[in-house]
Amino acid sequence: MEFIRKTNFIFGYFYYCSVLRGDLKMVKLTEEMKKALKVVGKGGTVVYLATASASGKPNIAGMRFIDTYKDEFILIADMFFLKTKMNLYENQYSAVAMVHPFKDREWVFRGEAFLFEIGLLKEDPNFEWHGIKAKEILEEWGNWAEKEPPEEVPPDVRPPVLKQRGVYCLHVKEVYSIKPGEVGKRIL
Amino acid sequence: MVKLTPRMKDWIEGLGCHICTASTKGMPTVTISRYAKVISDDEVAFALAKDEYAIIKPDLDENPWVAFSVSHLGVVKAPYQFKGVASIITSGPLYDQIAAEAKNLGIETSVVLLVKVREIYCTRPGPQAGWRLDTRPYEENLKLDEKWSPPKPPPRPQ
């Protein structure tokens, strides 16, 4: 874990240097985006979470427990991650797309992702990634089904048991449109 | 051998799809396809407008793998993920047919993305999450068709 912490520190140093140089720009989600990514109780927000293996085999799966954090992070509960988890272990790049790309919500958020696994809370609560600590995330969102029970999910789809295994965290670096006629247009 | 069920076909064609590609370095890109047509048991043709194709072209130039899932309510009610290898069609009878049909939805087709489906996964939350459906007996998948509701997709949201 010490190695990971040191590696993280070194990576963070070069990352912020590159931000200062202007190679990478910090992206701040708008209030409209934050609101759209957090509509619980009215059918819930659902998104498609896209990842890829290190060799480039893509994966796309629907997700329901979503929130935003600190203007630039998108959080998703790891309830049933399988291929997504394997991809995140070997490749940090990831994207989150609105499933209902209408009503001016035609966005794809893309950046680097990390999976805060539940075990970090006991093992290394101060583990830090892009300036956020494991305990910040896991104490607040580590038991998401209890915090926000998925009551709006239809009974025939709702799983009998929800056992969370972690929290996916996307550090958004770009937002582009999937509005017909403007697909690919950079928004942030 | 991959064989799409009638329910899968109906939902793919009914609501369109989110399509994901990736560079060989692993950067995923998502685009949408508003018109999709299943042309055989394991092939799906997507009509892509110029902008919808432009964003995934760099990926497809170096990596033909794509993953797609049904848009809109399909994420909940049609919990399938399809993976396959894509080819680009810019002329010929199939292109003409798909482009003509897509035009009825107001889509100016730039290319037809033809995906040969090789893997199908279940993305339904719960014990079925992650099931590889294409390796199960086709008859078992038909039973899921009957079990999962609704059998047909709702009208496409405007």
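## What to know about the overall build of chain A
Here comes step 1: Counting its secondary structure elements, chain A contains six helices and nine strands.
Here comes step 2: Counting all 188 residues of chain A, 40% fall into the buried class.
Here comes step 3: For chain A, restricting intrachain contacts to residue pairs at least 6 apart in sequence, the fraction spanning at least 24 positions comes to 62%.

## Some remarks on the nonpolar core
The nonpolar side chains of a soluble globular protein tend to be buried, and buried together.
Here comes step 1: Counting 102 residues, the largest nonpolar core has Tyr48, Ile74, Leu75, Ala97 and Cys169 of chain A together with Phe46 of chain B as the members making the most contacts within it.
Here comes step 2: Here this core takes eight residues from strand 7 (residues 111-122) of chain B, the largest share from any one element.
Here comes step 3: Excluding anything up to four places from it in sequence, Cys169 of chain A contacts Phe73, Leu75, Ala113, Phe114, Phe116 and Ile137 of chain A.

## Describing the confidence of the model for chain B
Here comes step 1: Mean pLDDT over chain B works out to 96, with 100% of the residues at or above the 70 mark.
Here comes step 2: For this predicted complex, the interface confidence reaches an ipTM of 0.96, while the overall pTM sits at 0.91.

## What about the environment of Pro155 of chain B?
Here comes step 1: Looking at where Pro155 of chain B falls in the secondary structure, it is placed in the segment after helix 6 (138-147).
Here comes step 2: Put simply, Pro155 of chain B and Leu15 of chain B are 140 residues apart on the chain and 7.7 Å apart in space, counted from C-alpha to C-alpha.

## Overview of the interface of chain B and chain A
Here comes step 1: Between chain B and chain A, the contact holds 39 residues from the first and 38 residues from the second.
Here comes step 2: Put simply, the parts of the chain that give the side of chain B that touches chain A at least two residues each are strand 1 (17-22), strand 2 (28-33), helix 2 (50-54), strand 5 (65-70) and helix 4 (74-77) of chain B.

## Regarding the sheet that holds strand 1 (residues 47-52) of chain A
Strands in a sheet are paired, the pairing made by backbone hydrogen bonds, and the direction either parallel or antiparallel.
Residue and element names in this part refer to chain A.
Here comes step 1: The seven strands lie next to each other as 2-1-5-6-9-4-3, forming an open sheet whose pairing is antiparallel. For this open sheet the edge positions go to strand 2 (58-63) and strand 3 (66-69), each flanked by a neighbour on one side alone. Averaged over all neighbouring strand pairs, the angle between strand axes comes to 35°, with direction disregarded.
Here comes step 2: Both strand 3 and strand 4 (residues 73-78) contribute to a ladder of four bridges, which runs antiparallel. Within the sheet, the bridge partner assigned to Thr68 lies in strand 4 and is Ile74.

## Topic: the environment of Arg7 of chain B
Here comes step 1: Tracing the chain through its elements places Arg7 of chain B in helix 1 (residues 6-15).
Here comes step 2: Between the alpha carbons of Arg7 of chain B and Lys152 of chain B there is a distance of 6.9 Å; along the sequence they are 145 residues apart.

## Examining the sheet that holds strand 2 of chain B
All names here are of chain B.
Here comes step 1: A sheet is described by the order of its strands in space; here seven strands give the open sequence 2-1-5-6-7-4-3, paired in antiparallel fashion. Each edge of the open sheet carries a strand with a single partner, namely strand 2 and strand 3 (35-40). Strand-to-strand twist in this sheet, taken as the mean axis angle between neighbours without regard to direction, amounts to 35°.
Here comes step 2: Each of strand 1, strand 3, strand 4 (43-48), strand 5 and strand 6 (80-89) touches helix 1; the most contacted strand, strand 3, lies at about 150° to it.
Here comes step 3: Against the sheet, helix 5 (residues 93-103) contacts strand 3, strand 4, strand 6 and strand 7, and its axis sits at roughly 60° relative to strand 4.

## A word on the environment of Glu31 of chain A
Residue and element names in this part refer to chain A.
Here comes step 1: Looking at the secondary structure, you find Glu31 in helix 2 (residues 31-36).
Here comes step 2: By C-beta crowding, Glu31 is classed as exposed, having 9 other C-beta atoms within 10 Å.
Here comes step 3: It is 22 Å that separates the C-alpha atoms of Glu31 and Lys147, two residues lying 116 residues apart in sequence.

## Considerations on the pairing of strand 1 of chain B
All names here are of chain B.
Here comes step 1: Where burial is concerned, most of strand 1 is hidden: six out of the six residues are buried.
Here comes step 2: Residues Cys17, Ile19 and Thr21 of strand 1 are buried on one face, and the alternating residues His18, Cys20 and Ala22, pointing to the opposite face, are buried as well.
Here comes step 3: Here six bridges tie strand 1 to strand 2, and the two strands are oriented antiparallel to one another. Bridged to Ile19 within strand 2 is Thr31.
Here comes step 4: The antiparallel hairpin formed by strand 1 and strand 2 contains five residues in its connecting segment, where Gly26 sits at a positive phi of about 95°.
Here comes step 5: Bridge analysis of strand 1 against strand 5 gives four bridges, and the strand direction is antiparallel.

## Focus: helix 5 of chain B
All names here are of chain B.
Here comes step 1: Taken as a whole, helix 5 has its buried residues at Ile98, Ala99 and Ala102. Buried residues of helix 5 fall within an arc of 100° about the axis and therefore sit on the same side. Facing away from the buried surface of helix 5 by more than 90 degrees, the exposed residues are Pro93 and Ala100.

## Considering the pairing of strand 2 of chain A
Residue and element names in this part refer to chain A.
Here comes step 1: For strand 2, a buried count of six out of six residues is recorded, marking the element as mostly surrounded by other parts of the structure.
Here comes step 2: On strand 2, burial covers both faces: Pro58, Ile60 and Gly62 on one face and Asn59, Ala61 and Met63 on the other are all buried.
Here comes step 3: The sheet contact formed by strand 1 and strand 2 spans six bridges and is antiparallel. Bridge pairing links Leu49 to Ala61 in strand 2.

## Some details on unusual backbone geometry
Here comes step 1: Of note, the bond from Ser149 of chain B into Pro150 of chain B is cis; its omega dihedral lies within 30 degrees of zero at -10°.
Here comes step 2: Residue placement: Pro150 of chain B occurs in the segment after helix 6.
Here comes step 3: One non-glycine residue with positive phi stands out, namely Asp71 of chain A, at about 70°.
Here comes step 4: With respect to the secondary-structure elements, Asp71 of chain A resides in the loop between strand 3 and strand 4.
Here comes step 5: Assessed through the 14 C-beta atoms surrounding it within 10 Å, Asp71 of chain A is described here as partly exposed.
Here comes step 6: Unusually for a residue other than glycine, His72 of chain B sits at a positive phi of about 55°.
Here comes step 7: When you line up the elements, His72 of chain B lands in the loop between strand 5 and helix 4.

The rules behind each value
- Residues numbered from 1 in each chain as written.
- Chains lettered and ligands numbered in written order.
- Predicted model: local features only at pLDDT ≥ 70, side-chain atom pairs only at ≥ 80, totals over all residues.
- Helix = DSSP H or I, 4+ residues; strand = E, 2+ residues; numbered from the N terminus.
- Buried ≥ 20, exposed ≤ 12 C-beta atoms within 10 Å, placed from the backbone.
- Contact = placed C-beta atoms within 7 Å.
- Core = buried A, V, L, I, M, F, W, Y, C linked by C-beta atoms within 7 Å.
- pLDDT = per-residue confidence, 0-100.
- Pairing = 2+ DSSP bridges.
- Axes fitted to C-alpha atoms, helices over the stretch in contact; angles between N-to-C directions.
- Arc of directions from axis to C-beta.

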